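# Architecture and fold: a report
What follows is each chain in one-letter form.
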Amino acid sequence: MNRWTRRSVAGLALGGAGAVVVAAEQVAGRADGSRDAPPPPKEGGTAGRAALAALDPRTQRAVFLDEEGRSGWFTPEKGPAPEDPLQGLYVAAQANGYHWRRVWDGVHGRPEWFGAVLNDPSKAATTRAAIQACLDSCPSTQLSGGAYFVDGTLTILRNGTKLHGVAHTQTDETGNDARRTTQIVCTSPTAAILRVGADARARPGSLTEAVTLADFSVNRSVGPFTPKAGIEGAIGIELRWIVNCHFVRVFSINSARGWFCYGTVENYLSHCGALRDKPGTNPANDVFVGFHLDYSAPSGFNGGNASLYIDRCRCFPLTGRSTPPLTASYGIYLDKGWVDLWIDGFESGAGIEWGIYGIGTGVATKDFKTEDLFIRNCVLDPGGAGCIRLADAGVQTQVHIIGNYLAPSGSGTGIVLEQVRGSVTIANNQFVVAAAGTATGVAVNGGTMTRLSGNSYLNLRQPIVCNSAFGISIEDTIQSVRPNGDYPAVGLRGNTRSGFVRCMVGGREKAYTAGVLVDGSVSDVEVNASAIQEPVVAPGGRIQHGGITVRSPGPFGAGCLASGIVG
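Residues numbered from 1 in each chain as written. Predicted model: local features only at pLDDT ≥ 70, side-chain atom pairs only at ≥ 80, totals over all residues. Heavy atoms only, no water.

The secondary structure content of the chain amounts to 3 helices and 49 strands. A sequence separation of at least 24 residues applies to 71% of the contacts in the chain between residues at least 6 apart. Of the roughly 21,900 Å² that the chain leaves accessible, carbon and sulfur atoms contribute 50%. (Helix = DSSP H or I, 4+ residues; strand = E, 2+ residues; numbered from the N terminus. Contact = heavy atoms within 4.5 Å. Areas by Shrake-Rupley, 256 points an atom, 1.4 Å probe, with all protein chains shown as cover.)

This is the structure:
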């Protein structure tokens, strides 16, 4: 508790040019000898920094600067003013050998101290410089409610920096309850709005550590730059060469790539999002990527974004709000691999072509560029090609897709694996489409060691299909109310070999043309048909091989085996 003398409060007076001043002998220190601000006066002047600088610091102990946005107590100190061109913390005095120092806790700063102006696009350059100065000068920057317009990129390079707003918003800069939410609104179509870490392709000498962003959104007042080809359009939030940083309830709106990660190690994104409601600059290639994870960075670790945790994040176009006609869209895009990546509770919906899309470094690769991917508890019901697609991964691959809600629309697919070597576990997922849908549940094309267990499929036109897969285990539950189905419940095709199938299949009569279809090129597969309901798979039967129904247990085809109740 501050120990102010009675006359320190009673003696508050208006000083020169309207500045509120307190005489030196009227201010008492705290017990520990440190100084803090006196209680705010009941009356104040309208002094600016020029008036403050003109005061004689040798006759004043504390001065209240009553300038809009910059108000606060200042005390005189001997020596030249530290570097502070925007005068947020220090104001040089005209008296030689002195300067004025803002009284603050040394931690929590506000951009308004440095000249930031809320809700004014004409002040975008001034406001960007002010926020940048606050980030550089204060360990923690607290944003107010409203919109901060900026004309370019804000950059955080200092360890331990915190940037906090009031709350994030999912609307534009004039949205509902704007004063209760915080947005940084960029007036440029091309600039990254906020960058954490060094802007470098090669690894810098040190990584930026322990940065925290929370409770605000970044947005654009114009549509984002989109390239003539590819996905590398304008970025909302760019994370480069950082370690052990936390991003909580931060949304990126109206960028071609909401988030971009490159060269990151042990970082956490929680309850963050990426949204679009403005068309890009190139309608012929208007691409939207919610989270672009580039694993090509030469980080010195197993991959370019090692130990990245994406928890309860989301990606949507803002339907009903002038949603652009996107030519391609991805919730999470895994570029050139994946390493130590945990995606938990991610959600994407209508308007997103692929919920999670990953391209590895090639099936011949024997490094660790596609190691340890966990996709759990997600809700993916995109309106395009499918929910999850992983392709071109080498023999070190370890993938776990567990406990997700997957609802492909149209002729989309729940999970597509294209030439994924190594080991993939797909377990306890729920695949759901409307009865009139034409979607596929799981499609495995090439690859090795794929296990499906405990998944449930409702009304999928083609629940499971495997082509040229080696090492396949399927123990799932399949049901449909579709009449006169035109696909089998499980299709094994194209040189698929070495596997085991034991599924429950039920629902409407003739929902599927067969229970398990095994074509003539398949070898060394055992099929247990006991839990396949015969009326559901008429007329093909529980097991069909080469166009002929297998009616009794025992060997069939090239090393295949029918077991359980077959006929």
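A word on the pairing of strand β18 (residues 246-253). Successive side chains on a regular strand alternate, one facing one side of the sheet and the next facing the other. Bridging between strand β15 (residues 212-220) and β18 involves 6 bridges; their strand directions are parallel. In the strand pairing of β18, Ser 217 is matched with Phe 251. For β18 and strand β20 (residues 264-270), the ladder comprises 3 bridges, and the chain directions are parallel. Bridge pairing links Phe 247 to Leu 269 in β20. (Pairing = 2+ DSSP bridges.)

Overall, the coordinates contain 19 salt bridges when judged by the stated rule. For the salt bridge of Asp 199 with Arg 240, the shortest nitrogen-to-oxygen distance reads 3.8 Å. Of this pair, Asp 199 sits in the loop between β13 (194-196) and β14 (208-209) while Arg 240 is found in strand β16 (residues 235-240), placing the two residues 41 residues apart along the sequence. Overall, the relative accessible area of 52% leaves Asp 199 in the exposed class. In this structure, Asp 311 engages Arg 312 in a salt bridge whose closest nitrogen and oxygen atoms are separated by 3.2 Å. Look at Asp 311 and you get partly exposed, because its relative accessible area is 28%. By relative accessible area, Arg 312 is classed as partly exposed at 40%. Sharing partners across several salt bridges, the network here consists of Arg 195, Asp 199, Glu 238 and Arg 240. (Salt bridge = Lys/Arg side-chain N within 4 Å of Asp/Glu carboxyl O. Buried < 20%, exposed > 50% of the residue type's maximum accessible area, 1.4 Å probe, protein only.)

Considering the arrangement of structural elements, one finds Arg 102 in strand β6 (residues 98-102). Within the structure, Arg 102 has its side chain in polar contact with the backbone oxygen of Arg 70 (distance 2.9 Å). Non-local contacts of Arg 102, meaning those with residues more than four positions away in its chain, are made with Arg 70, Ser 71, Gly 72, Trp 73, Phe 74, Gly 88, Leu 89 and Trp 113. (Polar contact = N/O pair within 3.5 Å; in protein donor to acceptor, adjacent residues only side chain to side chain.)

Bringing the pairing of strand β35 (residues 423-427) into the picture now. When you tally the buried positions in β35, you get 4 out of 5 residues, the bulk of the element. Looking at chain direction, strand β32 (residues 398-402) and β35 are connected through 5 bridges and run parallel. In the sheet register, Ile 401 faces β35, and the bridge partner there is Ile 426. Bridge analysis of β35 against strand β38 (residues 448-458) gives 4 bridges, and the strand direction is parallel.

Okay, helix α3 (residues 124-137) next. The end-to-end C-alpha distance of α3 is 20 Å, a good match for the 20 Å that 14 residues give at a rise of 1.5 Å each. Those residues of α3 that fall on the buried side of the exposure criterion are Ala 124, Thr 127, Ala 130, Ile 131, Gln 132, Ala 133, Cys 134 and Leu 135. For α3, the secondary structure elements touched by its buried residues are β7 (108-109), β8 (140-142), β9 (146-150), β10 (154-156) and β11 (162-164). (Expected span 1.5 Å × (residues − 1).)

What follows covers the packing of aromatic side chains. Applying the stated criterion to the full structure yields 15 aromatic pairs. Aromatic side chains Phe 260 and Tyr 262 sit 6.2 Å apart centroid to centroid with 15 degrees between the ring planes, which places their arrangement in the stacked category. With respect to burial, Phe 260 and Tyr 262 carry one shared label: buried. Seen from their ring centres, Phe 431 and Tyr 457 are 4.6 Å apart, and the 10 degrees between their planes marks the pair as stacked. You can see Phe 431 sitting in strand β36 (residues 430-432) and its partner Tyr 457 sitting in strand β38, a full 26 residues away along the chain. Here Phe 431 matches Tyr 457 in class, with each residue buried. One aromatic cluster is present, built from ring pairs that chain together Phe 247, Trp 259, Phe 291 and Phe 346. One Lys or Arg, Arg 102, reaches over the ring of Trp 113 and ends 4.3 Å from the middle of that ring. Across from the ring centre of Tyr 262, 4.9 Å away, lies the NZ or CZ of Arg 240, which sits over that ring. (Phe/Tyr/Trp six-rings, centres within 6.5 Å; stacked < 30°, edge-to-face > 60°. Lys NZ or Arg CZ within 6 Å of the ring centre and 35° of its normal.)

Here the focus is unusual backbone geometry. The omega angle of the peptide bond from Ala 538 to Pro 539 is 5 degrees, so this bond is cis rather than trans. Checked against the element boundaries, Pro 539 lands in the loop between β45 (523-528) and β46 (543-545). Of note in the backbone geometry, Ala 210 takes a positive phi value of approximately 55 degrees without being a glycine. Inspection of the secondary structure puts Ala 210 in the loop between β14 and β15. Classification of Ala 210 by relative accessible area gives partly exposed; the value is 36%.

With that out of the way, let us pick up the confidence of the model for the chain. Per-residue confidence for the chain averages 88 on the pLDDT scale, and 88% of its residues sit at or above 70. Across residues 1-37, confidence stays below pLDDT 50; counting only partners more than four residues off in sequence or on other chains, it has 79 contacts. Long-range and interchain partners of residues 40-46, a stretch whose pLDDT sits below 50, account for 16 contacts in this model, where long-range means more than four residues apart. (pLDDT = per-residue confidence, 0-100.)

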